[in-house]
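Residues per chain are reported as follows:
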Amino acid sequence: MVEGGISPGEILRQVSDVAAVNAKGFLANVFVVEINLLEAEVKIEALPVQEWGEYQLQSPESKKEVFVQDVDRAMGTPFVIPSGNPLKPQGRYGIPSYLVYDKHFQAFTKEAEEVKKYLYGRLNRTIAVELTEAQIDEIANKLHEITSKVYKETKLLGLIVLAVLEKDGPFQLHETMPLGDSSRSYLGPSVMHKGKHLVADLELVKERFWEAKLAEGAEMGEREGGEVVCYFCGHEDRVVSSYCKAWRWFTPTWKCPLPVSMKPEELVETIALCPACYGALTYGANLFNKLTKPLDYWLTKELFSPSASAAGKEMSRRGNPESVAGCAYALPILDNFLEDEDDRLGFIDGVRTMLGRKPRGNKMDVHLGDLTGFEMFLPQEMDADEYRLTIMYYSGDAGRGDIHLRATVEDVMPSVARQLKEITGNISDFAVDLAASLQYEVSEKYQGFLKRRYSSLPYLLTTAYGAPYTWKMLSTVMHRGNISRRPFLSNVSGRMNELSRKLPDGFHELRSEVVFYLSFSEFLKKYSDAVALETGNGGYEWMRDWREFQGMVAEGPMNEIVINDPEELGFAAGHLVRLFARQYWHASNGNDFLKHRVMTFGSSLTPDVIWKRALSRMDEYARKLNMKISDDLRQRFAVVLMEYSRLKNETHKERDAFMAAFWAGYALAK
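Attention in this report is confined to the structure presented alongside it.

Definitions and cut-offs
- Residues numbered from 1 in each chain as written.
- Predicted model: local features only at pLDDT ≥ 70, side-chain atom pairs only at ≥ 80, totals over all residues.
- Heavy atoms only, no water.
- Disulfide = S-S within 2.5 Å.
- Buried < 20%, exposed > 50% of the residue type's maximum accessible area, 1.4 Å probe, protein only.
- Salt bridge = Lys/Arg side-chain N within 4 Å of Asp/Glu carboxyl O.
- Helix = DSSP H or I, 4+ residues; strand = E, 2+ residues; numbered from the N terminus.
- Lys, Arg positive; Asp, Glu negative; His and termini not counted.
- Contact = heavy atoms within 4.5 Å.
- Pairing = 2+ DSSP bridges.
- Axes fitted to C-alpha atoms, helices over the stretch in contact; angles between N-to-C directions.
- Expected span 1.5 Å × (residues − 1).
- Parallel < 35°, antiparallel > 145°, perpendicular 65-115°, else oblique.
- Left-handed = near helix turned anticlockwise from the far one by under 90°.
- Nonpolar A, V, L, I, M, F, W, Y, C, P; charged D, E, K, R; others polar.

## Section: the state of the cysteines
Point 1. On inspection of all chains with the given rule, the structure shows 0 disulfides.
Point 2. There is no disulfide at C277, and the cysteine sulfur nearest it, in C230, is 3.7 Å away.
Point 3. Owing to a relative accessible area of 15%, C277 belongs among the buried residues under this scheme.

See below:
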């Protein structure tokens, strides 16, 4: 992308911050000073303050207006929003365009000397601009005058541009405005030459911008000659130190490995880069920054919550966890892929589309935010398996180089991502339908809540397996690996067991766990059938669709009831216990059957407890309360008791599967 395929203006747009959301305030007040060095007598004039953009309604329904910057104009004066103290000059400037903060304005309005100090600090760090002290004095006076008129003691941001007109310089005088010319951008009408316009040549601006970046690296050393070699490509000529702001993305730790025995200006002796590699590193780091997005806050809370405790998850949701950011990018597998011009242009269009963030209405673009947890979509150009996705997660403050890498998922095939996206979309619909079967009414708000969570792959995996395993499981799923069902059953069963002690008050939370249990089981089944390289359920049969199985247990002919494993046995037991519990509640004047007869003295529910205190003693409880239970229900209980005897040993081994299914059958019984 650096060496061929995109225009200088687009490179400037991507490596600078002119298009950033937080840049718009600076472009609402632009101060251009025209400095003509082309004539014998140097002339300096300030243009009237400009707005490089326009105010627009925030939305068609809103009356609030927001400023939207004109990025095409700003590309001629690229700037980087500082990550350190914004009041101090930072780095190197390729073009004399400087950001102005409110405290600067306060100082400027007091006296021109403050403007002069501001300019000296930045001009000393600007490439190829030389002005005399008298000229800087005059510029300072002009800026003092014009900023004093604008500043009204309200918070203000701005941009100062010194449009130096010189031979072969990036700023030029043109007869016409550069409308539709992508190689130039418009600074404003000339004050000294009426009818002419100040224009920036973007190719020259780009060259100055890269030279400034190289100068930043050269602050820690620069070497030239036949004996110097680039660390990456082996090029022998000019190299600079690699210790720039982009370097933090290259090192595995946030502290750069600086040798203590060397002076800062000698660090070029450690790792040095040629201009091309240095530019590529800088460019890549900027793209990485622009593709980075924070994970949804609700999801971050889930990522840090314990999976085995219902109370722990609830407490975690009230907390304030550390923010986690994610970035995803696609690269071709083969090195020679980009040698073909069509492929190269397709790659460039794909990156450009990913940077644009907003889907362009192409149905072939795949939105992958549900898989990654942050806003991201894969454009059609990168949808083929000639590409591989890399997804990274980190926390910390990137601006300070304080980065803590949490996970990297590499070599994800786009086709696998597409399949997973389709499955999670189906699971969210499945969860909504299931919730409707559990409750009489599911509001639109609750439907939205369920869809957001159950379409999120990180949410499904972290709730099923726990926070310590989230990233590992995410990597396994995206690489079509085999995942065990046992830890998921253990966690969901543990949460259900904890909630069951609060019955009947905690029944709503218990139903939510039932939704998760059946929905994630459905996800695993679909994943195993369609995506995983190894299919099956670890040697066990999948539990049949709950509607089909419930129909057989509740209404099917007695001789056709077939129970395959402990999980189906648990579901059948839960269904019949709930039917009995309803009659028990009426006959006992409102006593909860499980709490009153089965889970006595706060004991935990186990398969043996269900067998001994519930299934085996139905007739006894019915006689004591003079309940009339139907012969059909009595016979179905008998079938389940016989199946329990047959599957007793397996049930002890698969206790968690039995209990999770028991609560599902109990909650879904009509």
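Moving on, there is more to tell.
## Concerning the pattern of salt bridges
It is possible for side chains bearing opposite charge to pair when their charged atoms get close.
Point 1. One pass over the full model with this rule turns up 34 salt bridges.
Point 2. Residues R184 and D181 are paired through a salt bridge, measuring 3.2 Å at the closest nitrogen-oxygen approach.
Point 3. For R184, a relative accessible area of 26% puts it in the partly exposed group.
Point 4. A relative accessible area of 29% means that D181 is categorised as partly exposed.
Point 5. Among the charged side chains, a network of salt bridges with common partners joins E10, D349 and R352.

## Notes on the side chain of R73
Point 1. Positionally, R73 belongs in helix α3 (residues 71-74).
Point 2. An unpaired buried charge is present at R73: no salt bridge exists, and D70, the closest side chain of opposite charge, is 4.9 Å distant.
Point 3. Apart from residues lying up to four places away in sequence, R73 is in contact with Q50, E51, W52, S185, Y186, L187 and G188.

## Things to note about the sheet that holds strand β13 (residues 293-294)
Point 1. Taken in spatial order, the 4 strands line up as β13-β14-β17-β18 in an open sheet, and their pairing is antiparallel. The open sheet has two edge strands with one neighbour each: β13 and β18 (402-412).
Point 2. In this structure, strand β14 (residues 324-332) lies alongside strand β17 (residues 387-397), joined through 9 bridges in antiparallel fashion. Across the sheet, residue A328 finds its bridge partner in β17, namely I391.
Point 3. Along the sheet, helix α8 (residues 275-291) contacts β13, β14 and β17; its crossing angle with β14, the most-contacted strand, is approximately 125°.

## Observations concerning α8
Turn by turn, an α-helix covers 3.6 residues, leaving residues three or four places apart pointing in a common direction.
Point 1. With 17 residues, α8 extends 24 Å from end C-alpha to end C-alpha; this agrees with the ideal 24 Å at 1.5 Å per step.
Point 2. Within α8 the residues assigned to the buried category are C277, Y278, G279, L281, T282, Y283, A285, N286, L287, F288 and L291.

## Observations regarding the packing of helix α4 (residues 102-110) against helix α6 (residues 133-150)
Point 1. Close contact between α4 and α6 brings their axes to 8 Å; oriented N to C, the two are set at 115°. It follows that α4 is roughly perpendicular to α6 by the angle criterion. The handedness of the crossing between α4 and α6 comes out as left-handed. Side by side, α4 and α6 meet where F105, F108, T109 and K110 of the first sit next to H144, T147 and S148 of the second.
Point 2. Residues of the contact of α4 with α6, tallied by class, amount to 2 nonpolar, 4 polar and 1 charged.

## Let's talk about the sheet that holds strand β12 (residues 272-273)
Sheet strands line up and pair through hydrogen bonds in the backbone, either parallel or antiparallel.
Point 1. Ordered in space as β10-β11-β12, the 3 strands form an open sheet in which the pairing is antiparallel. Strands with a single pairing partner mark the edges of an open sheet, and in this sheet they are β10 (222-224) and β12.
Point 2. When strand β11 (residues 238-241) meets β12, the two strands line up antiparallel, connected through 2 bridges. The residue bridging V240 from the neighbouring strand is L273, located in β12.
Point 3. Strands in contact with helix α7 (residues 202-218) are β10 and β11; relative to β11, the strand with the most contacts, it is inclined by about 65°.

## A word on the packing of helix α1 (residues 8-15) against α7
Point 1. One way to put it is that α1 packs onto α7 with a least axis distance of 8 Å and a crossing angle of 40°. One way to sum up the angle between α1 and α7 is to call them oblique. The two elements α1 and α7 cross, and the hand of that crossing is left-handed. Residues P8, G9, I11, L12 and V15 of α1 lie in contact with α7, whose contacting residues are L202, E203, V205, K206, F209 and W210.
Point 2. In terms of residue class, the contact of α1 with α7 is made up of 8 nonpolar, 1 polar and 2 charged.

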